[in-house]
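These are the residues of each chain, in order.
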Amino acid sequence: MGIQWNKNNLDKMSAAQRKWAAANPDKVKELNRKKYIARRERYLEKRRVYVLENQDQVKAYQKSYAASAHGKLVRNNAEHRRRAKIKQTEDAATNAEVQALMTQATNCAYCDGDFDLFRRRSLDHVRPLSKGGAHKLENLTVACGPCNSKKGAKLQYSAEFT
Ligand SMILES: [Zn+2]
């Protein structure tokens, strides 16, 4: 009887949940979003621990990727596009200014995480170059690699893509 009752109850519950979900699409979306963020955070934390515990292997991998044909191509293309855009900026931040900004930053501008081998410093254009943002100090901030790559060419960093 117990099993039967549980089963009926489950059926009832899932029917109720289905009804609730159909009536509350926004809440369902919000719940899914929260689940996604939590999953994503667990994943990033796991990766972070792995990177910190395997610094030598990770460094060796990063080095070998950077030296690989694909790594060079990706870097060259990105650099080329960036430089072309920076050139068009009047009073662009100088390398020395950017360097100072980078070395002074201790935490990621978005997740506030301390910089380390996993959260490596990377220069972020608050308004992306590709969206007309300028390479000027007022448009520059320092973000960790994971946040910067998640932000990508979006105008605003959002927890949705952490
Ligand atoms: Zn970050």
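Worth saying up front: this structure is predicted, and the values here are computed from it rather than measured. Per chain, residues are indexed from 1 in the order of the written sequence. Where local features are concerned, this predicted model is filtered to residues with pLDDT of at least 70; where side-chain atom pairs are given and counted, the filter is 80 or more; whole-chain, interface and lining totals use all residues.

Enquirer: Explain the overall build of the protein here, please?
Expert: Within the protein one finds six helices and two strands. By the criteria applied, helices consist of DSSP H or I runs no shorter than four residues and strands consist of E runs no shorter than two, each listed in order from the N terminus. Listed N to C, the secondary structure of the protein is α-α-α-α-α-β-β-α in terms of helices and strands. Exposed residues have 12 or fewer other C-beta atoms within 10 Å of their own C-beta, buried residues have 20 or more, and partly exposed residues fall in between, where C-beta atoms are placed from the backbone. Here the protein, with 162 residues, has 10% of them falling under the buried criterion.

Enquirer: How should unusual backbone geometry be read in this particular structure?
Expert: Comment: phi is negative for the bulk of residues other than glycine, and the bulk of peptide bonds are trans. Unlike most non-glycine residues, Asp-112 shows phi in positive territory, near 65°. Along the chain, the position of Asp-112 falls in the loop between α5 (95–104) and β1 (121–125).

Enquirer: Would you explain the confidence of the model for the protein in this entry?
Expert: When pLDDT drops low, the exact placement of atoms in the prediction is not to be read closely. Here the protein shows a mean pLDDT of 85. Residues at 70 or above account for 88%. Confidence of the predictor at the level of single residues is given by pLDDT, which spans 0 to 100. Of all the helices and strands in the protein, helix α1 (residues 2–23) carries the lowest mean pLDDT, 70, while strand β2 (residues 140–144) carries the highest, 95.

Enquirer: Whenever I open this one, helix α2 (residues 25–53) confuses me. Can you help?
Expert: Structural remark: α-helix, 3.6 residues per turn; residues separated by three or four positions point the same way. For a helix, the expected span equals 1.5 Å multiplied by the number of residues minus one. The terminal C-alpha atoms of α2, which comprises 29 residues, lie 42 Å apart, in line with the 42 Å expected from a rise of 1.5 Å per residue. In terms of residue burial, α2 counts as a barely covered element, since only zero of its 29 residues are buried.

Enquirer: Help me understand the environment of Cys-147 in this model?
Expert: Secondary-structure assignment places Cys-147 in helix α6 (residues 145–151). A tally of 21 C-beta atoms within 10 Å means that Cys-147 is categorised as buried. As a C-alpha pair, Cys-147 and Tyr-110 span 37 residues in sequence and 6.7 Å in three-dimensional space.

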